[in-house]
Amino acid sequence: MMYTSTTKRLLATTVVAVLLPGVVGSAYLVPGVAHAAEVQAVACKVTAVLVQKDGDGTIPADLKFLEEQLRDDQFAAFKGFRLLETKSLRLAIDKPGLAALKSGFQLKLSLLGEANSKLKLHANLLAPGRDAPLVDTDYAIDDNGLLLVGGVRHLEGKIFFAIQCGKQPS
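About the cut-offs
- Residues numbered from 1 in each chain as written.
- Predicted model: local features only at pLDDT ≥ 70, side-chain atom pairs only at ≥ 80, totals over all residues.
- Heavy atoms only, no water.
- Helix = DSSP H or I, 4+ residues; strand = E, 2+ residues; numbered from the N terminus.
- Buried < 20%, exposed > 50% of the residue type's maximum accessible area, 1.4 Å probe, protein only.
- Pairing = 2+ DSSP bridges.
- Axes fitted to C-alpha atoms, helices over the stretch in contact; angles between N-to-C directions.
- Phe/Tyr/Trp six-rings, centres within 6.5 Å; stacked < 30°, edge-to-face > 60°.
- Lys NZ or Arg CZ within 6 Å of the ring centre and 35° of its normal.
- Core = buried A, V, L, I, M, F, W, Y, C linked by side-chain atoms within 4.5 Å.

## A closer look at the overall build of the chain
- Each helix and strand in the chain was counted, giving 2 helices and 9 strands.
- Counting from the amino terminus, the chain carries its helices and strands in the arrangement α-β-β-α-β-β-β-β-β-β-β.
- Burial analysis of the chain (170 residues in total) assigns 47% to the buried set.

Written out as structure tokens, the structure is:
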């Protein structure tokens, strides 16, 4: 895996926190989230996707759930799409989950609570060989909403992470 050493370049491509209005379910950043306790547990699916400029534009069956996002203008330069890995996490208030991916990335998710029918979560994305997180933010999103984070340069293209969490019975 190859990463640029220029922090500006990495941050410009990495923190493309793709909050697509209407697609993500009106996700927004929430500063200083307090623990609201309506929701006690969520199940999350973390999907690592490699996008490449070369390819025939076909979205494979295992990525069909992301088709709307991958067909969006921001992905117009990419014609190849490949699922790298999927991890499942179960989060509870004050019990974060860690998705340690084969690519060396680590995504730590924490459930902070719920407000105005939105799940409140904290995401912390670490890249291999870096001390500082690429993403470290609180956010609020609809139940089963999708947050797409990434744009991390990879030898073969760029890696994006799709994060989807839904309420679970207590």
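Picking up after the structure, the text goes on.
## A few points about the sheet that holds strand E9 (residues 157-167)
- The strand order E3-E2-E9-E8 describes an open sheet built from 4 strands, whose pairing is antiparallel. Each of the sheet's edge strands pairs with one partner strand only, and the pair in question is strand E3 (80-92) and strand E8 (146-154). Going across the sheet, the axis of each strand differs from the next one's by a mean of 20°, ignoring polarity.
- Taken together, the 8 bridges between E8 and E9 define a ladder with antiparallel strand orientation. Across the sheet, Leu147 pairs through a bridge with Ile163, a residue of E9.

## Description of the pairing of E8
- With respect to burial, E8 is a largely interior element, 8 of its 9 residues being buried.
- Where E8 folds back onto E9 in an antiparallel hairpin, the turn is made up of 2 residues.

## So, the packing of aromatic side chains
- Within this structure, the stated rule accounts for 3 aromatic pairs.
- The residue whose ring lies beneath Lys45 is Phe65, and the NZ or CZ to ring-centre distance is 4.1 Å.

## Some thoughts on the nonpolar core
- Counting residues in hydrophobic clusters, the biggest one holds 31 residues, and the most contacted among them are Val42, Phe105, Leu109 and Leu121.
- Within the residue set of this core, elements represented by two or more residues are strand E2 (41-52), E3, strand E5 (106-115), strand E6 (118-126), strand E7 (135-142), E8 and E9.
- The greatest single-element share of this core, amounting to 5 residues, is contributed by E2.
- Residues Val49, Leu66, Phe75 and Leu146 belong to the second largest nonpolar core, which totals 13 residues.

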